[in-house]
Amino acid sequence: MLKATLKGLLARKLRLALAGLAVVLGVMSVSAAMITTTTVGSGFDSVFRTIASNVDVSVSGKSNIDSEYQGKAFTPPVPESVVAELSKLPGAADVVGEVTADGARPIGPDGKTISVQGPPRNGRAWHGETGNIQLREGRGPAEDGEVAINGGLAKLGGFAVGDTIDVLTLAPRQSFEIVGVFGYTNGLDTLGGSTEVAFTEPVAQRLMLGEEGVFSSVTLTAKDGVSPEELRDQAAEALGTDYVVRTGDELADATAGDAMAFLDIVRIVLLGFSGLSLLVGVFLILNTFSILVAQRTGELALMSALGARRKQIIGSVLVEAVLVGTVASAIGLGLGVVVSVLLKNVMEANSGAQLPVSLTVPVSGMVLAFAVGIGVTVLAALLPAVRASRVPPVAAMRGAAAEQRSLTVITWAGAVPAVLGLGAVVTSMVTDLGGAKWAALGGGIVLGLFGLALLTPLASRVLLPGVGRLLGWSMPAKLGRRNAARNPRRTAITVATMVVTLGLVGGVGVVAESLRADVTSRLGSDLVADFVIAGDGVTGRAGGAGGGPPTDADGRIMPTFEESVLDRAREVDGVDVATAQYVDTVQVSGAGGREPVGSPANAGSLAELTSVLGLKKEAGSLSDLGADEVVMDTGTLTERGLRVGDQVRLATERGGWREYRIVGSYAPNFLLRGPVLSPETAKELFVSALPAIGYVKLTDGADVAAAKEAVTALVADNPEVSVQDQTQAAAEASSQVDIAELMLYVLLGLSVVIGVLGIINTMALSILERTRELGLLRAIGMRRSHMVHMVVSESLVMAVFGGLLGLLFGGFAGAAVVAVADLGQVAVPWVSLAVFLGLAVVAGLVAALAPSGRAAKVNVLAAIAYE
């Protein structure tokens, strides 16, 4: 039996190639995700350990805000007095105050900020060639107007010693002379792609920390014979609990931990979509083995007649599956390594930095990916193997045509989960289930998809004729339509890949379009001002959708502008109101001992903000605030168990916990949510004392174009900030949805490719199965062109049927998500859905190319004699 199996496998190697290709693609994506994230993680760990290699003990401030809410909370600086106190420790040989902070955004020769995708843009105080810093050219800065830059920034911006560089920090744009270029040990120009600008210490303190006489951290070097742990304990005892005291190793672990946590999320997402690709591949493998078993009915029956037992026949099919899975998984692992090398090169090219580690291959992950590839193949082949063992010996005397079986059992088996799933989805939409609503919705969608898969054979029998008539009325088209409907089970498995992938694509499209419509509607109704002055992406975050202060295009420091911009804007002809909005993060206490929670915070002239944002007062007053007063939106008040007139404790990033009196409440606004404080409080306690957003409202009859041109000129020297009208602001806010949607489509692309492979494989195997039939059609006069038309029609019918079924299910699931998430009205992206359906048609055409050519070339006499 083993010899017969191996010879049969060699005879059918081309037929199994496409099924194996699905496993290759799935294993490739799984292994590439593991290798790439492991390599990047090792690189981060190496960078952070290099940075901390010369640190025995580090002392830094303790954040006033829970970092779990904001992700990377602002750390209050350490005053000079702490450095003096630490210098007295018996185990300290040297104590140095450090100034290093993300947020020094250099401006290139083209007038735009130099952007690096991911790594920080640090500003630091120059302390000479200490630690791992090595001066490459020139000297260190000695005057306030001088800086040194790292080699990575010099290459990115084309800077050299003697050039002038403009830098944006907590302060507005300033120009400096480059007097030196430095690098790091091991010949590195940059650490993990970061750019660094080194100022004199007083300038670094003002620009990066907001005030002189403070440090971002303090580095302690232990005396000979004193361990880092002993020095850490001495420092902790001297400073108490107001500071974070760590050894160099602990600092490296903590810093790397944030990056690794992000990489873990990326790995989970990539593995999730890779798993989806493997799931789609299961349908392809299942269909391939089902067709092969059907084609080998006579062969299997003959084996049974010659004495082969059921377990031997099952074993022969599973041996084929194991061999296919093993070869495909091995190829997939190899391609995964190649893809990982390419991704590493792309990341290094984009960041301008070389990872300080070579490609890291996680052995356990590779073994798991290999085992998953084989397991998926064997699992998909199990059902056809069992079916093969049930072929009676008498079948050897009949043709090998696939046996048509009743759809009653599978229809009822699909109807039950479909009804239960539909019920769960509808219940989650119309009933308040609290925290269980998402579990009900997710479970309902999965059950519904499972039920739909089992009901697809019935649906194909009922709907395929109608779909076929829409695509053609000629005799070849009619034959193609009937061929597609000939075996409903096979057609169902073939189109299952299209149903799953286009279902996900359609669902994502409906949710994304509804989000865009909701953002546009809310911004249009809440924004009364004619212009918004802000950095890219700030308007989409200002209302607190993302939490924390708004960030720039790289997700870090908020773009800000000088308050004088608004003073000058008020003098522009036609301007009625020009006001500032300061944005930050606070933590809000609650009534009855509730745990504090993070919240976006805003500040500004409340009377003017009410004018430009159309704030709706719910209770109390919305007049301008005193230093100890606050107003809150009704949602925050309800969540915290508070009401107007209560005292509430708020923790700001710079000022820590303080008590305020709630003097009013307002209805939540797209651009304003959470506590609102006075401008004076923001300037004292927020991370940045500069406005993040400005609003300009014009008088009736004002020249809008002229006013916008004049206001734009006021921020012409700040490349991070622009002036947008209401339409542009809405487009900017919804652009974040566009990016997320595109990323999901790209990640789903591999599953779509496997879906197309499924149709190609089914058509190719079907042509082999129907060789005699095709020969007879040619013998009675069917032309080669008609033969091609028939096969193309069959492929198109299946592709369009699967596409329609998937998009309908995905649209329903997307609408359910919109309803449960309370995103407003469901918006259907008709154009996008039409494009997706068009792609299904293209997939059908591509899938028919090779099989139709083979069918047209069938030799009539050989085909009639084919058994």
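Data block above holds the structure.
Since we're looking at a predicted model, the values are computed, not measured.

Visitor: Lay out the environment of Ala-371 with the relevant residues and their values.
Guide: On the secondary structure map, Ala-371 appears in helix α11 (residues 363-389). Using a relative accessible area of 44% as the deciding quantity, one classes Ala-371 as partly exposed. Measuring from C-alpha to C-alpha, the distance between Ala-371 and Val-27 comes to 9.5 Å, with 344 residues separating the pair along the chain.

Visitor: Please provide a residue-by-residue account of a nonpolar patch on the surface, values included.
Guide: A cluster of nonpolar side chains, Leu-422, Val-426, Met-429, Val-430 and Phe-812, forms an exposed patch at the surface whose accessible area comes to about 430 Å². No other element matches the four residues that helix α12 (residues 408-430) contributes to the nonpolar patch. One can find Leu-422 in helix α12.

Visitor: Can you tell me about the sheet that holds strand β14 (residues 243-247), naming the residues and giving the values?
Guide: In spatial order, the strands read β3-β13-β1-β14; together these four strands make up an open sheet with antiparallel pairing. Two strands lie at the open edges of the sheet, namely β3 (92-98) and β14, each paired on one side alone. Each strand axis lies, on average, 20° off the axis of its neighbour in the sheet, ignoring direction. Two elements, strand β1 (residues 57-61) and strand β13 (residues 217-222), share four bridges in a ladder whose sense is antiparallel. For Val-59, the partnering residue across the bridge sits in β13 and is Val-218. The strands touched by helix α7 (residues 228-239) within the sheet are β1, β3, β13 and β14, with β14 carrying the most contacts at an inclination of about 170°.

Visitor: With reference to specific residues and values, describe the packing of aromatic side chains.
Guide: Throughout the structure, instances matching the rule amount to four aromatic pairs. Plain terms: the ring middles of Phe-176 and Phe-199 are 5.3 Å apart, the flat faces sit at 65° to each other, and that makes the pair edge-to-face. Residue Phe-176 is located in strand β10 (residues 174-184), and its partner Phe-199 is located in strand β11 (residues 195-199); the two are separated by 23 residues in the primary sequence. When sorted by exposure, Phe-176 lands in the same class as Phe-199, which is buried. On the basis of an interplanar angle of 80° and a centroid distance of 6.0 Å, the ring pair of Phe-182 and Tyr-184 is categorised as edge-to-face. Grouping aromatic residues by their ring pairs yields a cluster made of Trp-126, Phe-182 and Tyr-184.

Visitor: Can you break down the pairing of strand β19 (residues 629-633) residue by residue, with the values?
Guide: When you tally the buried positions in β19, you get five out of five residues, the bulk of the element. In terms of strand pairing, β19 meets strand β21 (residues 656-666) through five bridges, oriented parallel. For Val-630, the partnering residue across the bridge sits in β21 and is Ile-662.

Visitor: Break down the side chain of Asn-150 for me, with residues and values.
Guide: Take Asn-150: it is sitting in strand β8 (residues 146-150). Residue classification places Asn-150 among the buried residues on the basis of a relative accessible area of 0%. The contacts of Asn-150, once residues within four sequence positions are left out, are Val-181, Phe-182, Tyr-184, Asp-189, Thr-190, Ser-194, Thr-195 and Glu-196.

Visitor: Which residues make up the nonpolar core, and what values do they have?
Guide: Residues Leu-774 and Met-787 are the most contacted members of the largest nonpolar core, which totals 44 residues. Of all the elements in the fold, those that place two or more residues in this core are α2 (13-51), α8 (248-295), α13 (437-471), α15 (488-526), α21 (726-769), α22 (771-779), α23 (784-820) and α24 (830-856). The greatest single-element share of this core, amounting to 10 residues, is contributed by α23. Excluding anything up to four places from it in sequence, Met-787 contacts Leu-774, Leu-777, Arg-778, Met-782, Ala-855 and Ala-856. Among the nonpolar cores identified, the runner-up in size contains 42 residues, and Val-99, Ile-178, Val-218 and Val-245 belong to it.

Visitor: Residue-level account of the packing of α15 against α23, with values.
Guide: The contact between α15 and α23 brings their axes to 6 Å, and the two run at 35°. Taken as a pair, α15 and α23 cross one another with a handedness that is right-handed. Each residue belonging to the contact of α15 with α23 can be placed in one class, and the counts come to 13 nonpolar, 12 polar and no charged.

Parameters and conventions
Along each chain, the written sequence defines residue order, and numbers are assigned to residues from 1. Per-residue local features are limited, in this predicted model, to residues with pLDDT of at least 70; the limit for side-chain atom pairs, both in listing and counting, is 80 or more; totals at the level of whole chains, interfaces and linings are taken over all residues. Here the side-chain values reflect all heavy atoms present in the structure, with hydrogen atoms and water set aside. Numbering of helices and strands runs from the N terminus; a helix is a DSSP stretch of H or I covering at least four residues, while a strand is a stretch of E covering at least two. Burial here depends on accessible area, computed with a 1.4 Å probe over protein chains only, as a share of the maximum for the residue type. Under 20% is buried, over 50% is exposed, and the range in between is partly exposed. Like charges within 9 Å and nonpolar side chains (Val, Leu, Ile, Met, Phe, Trp, Tyr) within 5 Å are joined into patches, using only residues over 30% in relative accessible area that form no salt bridge. The Shrake-Rupley method, run with a 1.4 Å probe, gives the accessible areas here. Residue values count only the displayed protein chains as cover. Criterion for a salt bridge: a side-chain nitrogen of Lys or Arg within 4 Å of a carboxyl oxygen of Asp or Glu. DSSP calls a pair of strands paired once it identifies at least 2 bridges connecting them. Note on method: axes are straight lines fitted to C-alpha atoms, helices fitted across the in-contact stretch only, with angles between N-to-C directions ranging 0 to 180 degrees. We call two residues in contact whenever any of their non-hydrogen atoms come within 4.5 Å of each other. Stacked, tilted and edge-to-face pairs are distinguished by plane angle, under 30 degrees for stacked and over 60 for edge-to-face with tilted covering the rest, among Phe, Tyr and Trp rings (Trp via its six-membered ring) whose centres lie within 6.5 Å. Here the nonpolar core consists of buried residues drawn from Ala, Val, Leu, Ile, Met, Phe, Trp, Tyr and Cys, with membership extended through side-chain atoms lying within 4.5 Å. Definitions for this section: a left-handed crossing has its near helix turned counterclockwise from the far helix by less than a right angle. A right-handed crossing has that turn clockwise. Three categories are distinguished: nonpolar for Ala, Val, Leu, Ile, Met, Phe, Trp, Tyr, Cys and Pro, charged for Asp, Glu, Lys and Arg, and polar for the others, with Gly belonging to the last.

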